[in-house]
Protein chains: 2
Amino acid sequence: MALIVQKYGGSSVADVEKIKNVARRVVESAGGNQLVVVVSAMGKTTDGLVNLATRISNSPDPREMDMLLATGEQITIALLAMALHGLGFKARSFTGPQVGMRTDTAHTKARITRINAERARAALDAGEIVVVAGFQGLSEVDEITTLGRGGSDLTAVALAAALKADVCEIYTDVDGVYTADPNIVPDARKLPRIAYDEMLEMASLGAKVLQARSVEFAKKYGVPVHVRSTFKPVPGTLVTREERDMEEVVVTGVTHDRSQAKISILRVPDRPGIAAQVFGAIAETNIVVDMIVQNISRDGYTDMSFTLPRSDYGRAVGALQDIGRKVGAQGVVHDERVAKVSIVGVGMRSHSGVASQMFAALAREGINIQMISTSEIAVSCVIEDKYAELAVRALHDTFALGREREAAV
Amino acid sequence: MALIVQKYGGSSVADVEKIKNVARRVVESAGGNQLVVVVSAMGKTTDGLVNLATRISNSPDPREMDMLLATGEQITIALLAMALHGLGFKARSFTGPQVGMRTDTAHTKARITRINAERARAALDAGEIVVVAGFQGLSEVDEITTLGRGGSDLTAVALAAALKADVCEIYTDVDGVYTADPNIVPDARKLPRIAYDEMLEMASLGAKVLQARSVEFAKKYGVPVHVRSTFKPVPGTLVTREERDMEEVVVTGVTHDRSQAKISILRVPDRPGIAAQVFGAIAETNIVVDMIVQNISRDGYTDMSFTLPRSDYGRAVGALQDIGRKVGAQGVVHDERVAKVSIVGVGMRSHSGVASQMFAALAREGINIQMISTSEIAVSCVIEDKYAELAVRALHDTFALGREREAAV
């Protein structure tokens, strides 16, 4: 008998018919297994609640926002439990607080501190399917909290860790993790397995299938995460600890992120503390900067470039012009539409020349590289947005992702 | 400094604008007082949730129904707290479980067993307006429960008792308790005060302003309940313990209930156990019978009549015909449309002849009385439904309710 944690997102439970479908999907997995099912709020419910709040207040109190938003998942769990009863199965719903999901007090973006899983365990031992409201918990001072973006995935992974589940299945619109976005690369291939670190990089670099927080948690506690389709009963991608044979593959996938903008401050006097001054000032505007590149100094001056979410672009340009003047820079140049393309693979640790292969591939297509950043298992290039698809296809071909792995599987 | 518990129903918080209005109304009462505000779900929210559940299941599990319905009030408390913040006041919302409302395990109609009001007390002491989700609690086994019809009033009265509040204000569509329905009796008068027992009878006999359960609770713990208008800032009606001068008034009010039907079983053999047999069989159909009258026996046979909610009428007639055959009755007659008119007043205890005055008044109008039932402080008559308004006006005049009390106040 296995213990399986499943998670279904908002689009999988968007209406009554879809909830009934999820119930059928759940009971198909039930044969002899213990099941915990984590669900999100129905479709647009959360948006509707946020809209109510913003009609009351421009800056709603985070504690009350959590009180409000937590109702969304609570509705889904009750309905799903009823649907499971309708199929003749024992099931019991639990809110985040009831399932012992304890968090810190950072409302709207709380972090899980511990899980008291006794009630869930008791229900499982009583032969019940445990239905859990994702995204929510109870703080140290007994206030309802929510976990922020991707919170339901995190609930599922954390419960799987606490209950020592055999697997955490994340059901989504897509049927797994691909070597590249199949909308752009027709011969992109579903990966049967991917290492935690690769998934982490891909999540950070634009792949939307899993949030980095959940992958980090899964890695920390060694929870195998199976990303699969709500609608197609086929195996998806298993996110798992790194295995020896994974290193034989140099590049696992190509990701891209087209939601970025780029700003550069030109000819900043190059003296100690200048980067701290510039990025300290940006931090004060609450803009989250992604990639940062500083060129080597020439004549006592340097250029600093960084990328940021396009939605923050307008605000950032204004702030940067002020900062540029304060630090005596020559000026600020900016580009609202850039794309970041990245290659990811644990095999890069043991293979050299991967970055240069990437640069050569882009050069062959006449794509100019504006910024470069690397990590142990990823290389990212900022390019003109209009070349994004072309770049992804070129890299996918260059590293033979459509065929090389096919043979290996 | 007074401690005031206020309760606003679903129509008072039906949308964002109305919630903002309630917030303004609340802060008008705030000057120097401690405030607890109990709210219901917004307008049609509960109906919408019930509809979702019935689309999933014909007989939803009561535990899951409570899990589902409790979200309605939780949405309102968060929004009201935000609205109070917007007016510059400190406020904190609490679900039923958070406010320490403990109940038994009778899901969908739980009874309050005790209240641990420490959190509410601490928030009040910190200068916060305490906003509480009505209608809900936490069972002995830590399950979310709901209190059934009129549950939010009950939450307010129970919290007022637990916190030893100076008054429990119930804000509604009407601005108080009237001597009769003002829609029927133009010179009906708002009662400045009414005794718990009178309010109890009036609630049971058709007055819709307060549920009998809440009045019983208020009486038991001596909570003064002020029934008043959400929309007009004028005093309403204080429901309070009986005072000496109240007995000087014989009849306090006239109520009517037009949602009733009547069924009679004719010529039932009059032997011991026959009533138990008949009403036992009715009870098995889950139909709640209101008034029961059995005539004296003639020739070893008797007639039994009872009233019941019109919505149960069709089901009841069928069941009664079966029962009638079993007990050897002559037949069953029924009337789908009857009305019950009642007079209520604690003064009846010390005044005689009140019932005969009532019967005479109805006779003067040519209204035939079909059934009569009396309690210590009320007399009720079942009449043809078409005479309901006429009867109420005649009784209101006969007992001089429009003028007599006016002078006394």
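First, a word on scope: everything that follows refers to the structure included in this document. Here the residue numbering is sequential within each chain, running from 1 through the sequence in written order. Here every chain gets a letter starting at A, and every ligand a number starting at 1, in the order they are written. Given that this is a predicted model, residues contribute local features only at a pLDDT of at least 70 and side-chain atom pairs are listed and counted only at 80 or more, while totals for whole chains, interfaces and linings are drawn from all residues.

### Here's the deal with the overall build of chain A
For helices the rule is a DSSP run of H or I covering at least 4 residues; for strands it is a run of E covering at least 2, with both sets numbered from the N terminus onward. In terms of regular secondary structure, chain A is built from twelve helices and 18 strands. For the radius of gyration, the atoms used are the C-alpha atoms, and the globule rule reads 2.2 Å times the number of residues raised to 0.38. For chain A, whose C-alpha radius of gyration is 23 Å, the value lies close to the compact-globule estimate of 22 Å for 409 residues. Expressed as lengths along the three principal axes of its C-alpha atoms, the size of chain A is roughly 75 × 55 × 35 Å. Put simply, chain A has 409 residues, and 49% of those count as buried. Note on contacts: residues are paired as contacts if their backbone-placed C-beta atoms lie within 7 Å. Taking contacts inside chain A between residues at least 6 apart in sequence as the whole, the part at least 24 apart equals 75%. Exposure is read from a count of other C-beta atoms within 10 Å of each residue's own; the residue is exposed at 12 or fewer, buried at 20 or more and partly exposed in between. C-beta atoms are placed from the backbone.

### Brief notes about the nonpolar core
Core analysis: the biggest nonpolar cluster contains 259 residues, and A:Leu80 and B:Leu80 have the highest contact counts within it. These domain boundaries are the output of an automatic or database domain assignment. Residue-level mapping places this core at the junction of two domains, with at least three residues from each of domain 1 (3-172) and domain 2 (254-408) of chain A. A set of buried Ala, Val, Leu, Ile, Met, Phe, Trp, Tyr and Cys residues, joined through C-beta atoms within 7 Å, is what we mean by a nonpolar core.

### Some thoughts on the environment of A:Ala160
Residue and element names in this part refer to chain A. Relative to the assigned elements, alanine 160 resides in helix H5 (residues 151-162). Placed 134 residues apart in sequence, alanine 160 and glutamine 294 show a C-alpha to C-alpha distance of 42 Å. Ignoring sequence-local partners within four residues, the contact set of alanine 160 consists of Val5, Ala165, Cys168 and Val223.

### Structural notes on the pairing of strand S3 (residues 91-94) of chain B
Residue and element names in this part refer to chain B. A two-sided burial pattern is seen for S3, the buried positions comprising Ala91 and Ser93 on one face and Arg92 and Phe94 on the other. Note: two strands are recorded as paired if DSSP finds a minimum of 2 bridges between them. Where S3 lies against strand S6 (residues 129-133), four bridges are found, and the strand directions are parallel. Bridged to serine 93 within S6 is valine 131.

### As for the sheet that holds strand S5 (residues 112-115) of chain A
Residues and elements named next belong to chain A. Taken in spatial order, the four strands line up as S5-S4-S7-S8 in an open sheet, and their pairing is mixed. Of all the strands in the sheet, just S5 and strand S8 (144-146) have a single pairing partner and so form its edges. In this sheet, neighbouring strand axes are inclined to one another by 45° on average, regardless of whether the strands run parallel or antiparallel. Between the N-to-C directions of two axes lies an angle of 0 to 180 degrees, each axis being a line fitted to C-alpha atoms and, for a helix, fitted only over the stretch in contact. Along the sheet, helix H3 (residues 62-86) makes contact with strand S7 (136-139) and S8, crossing S8 at roughly 75°.

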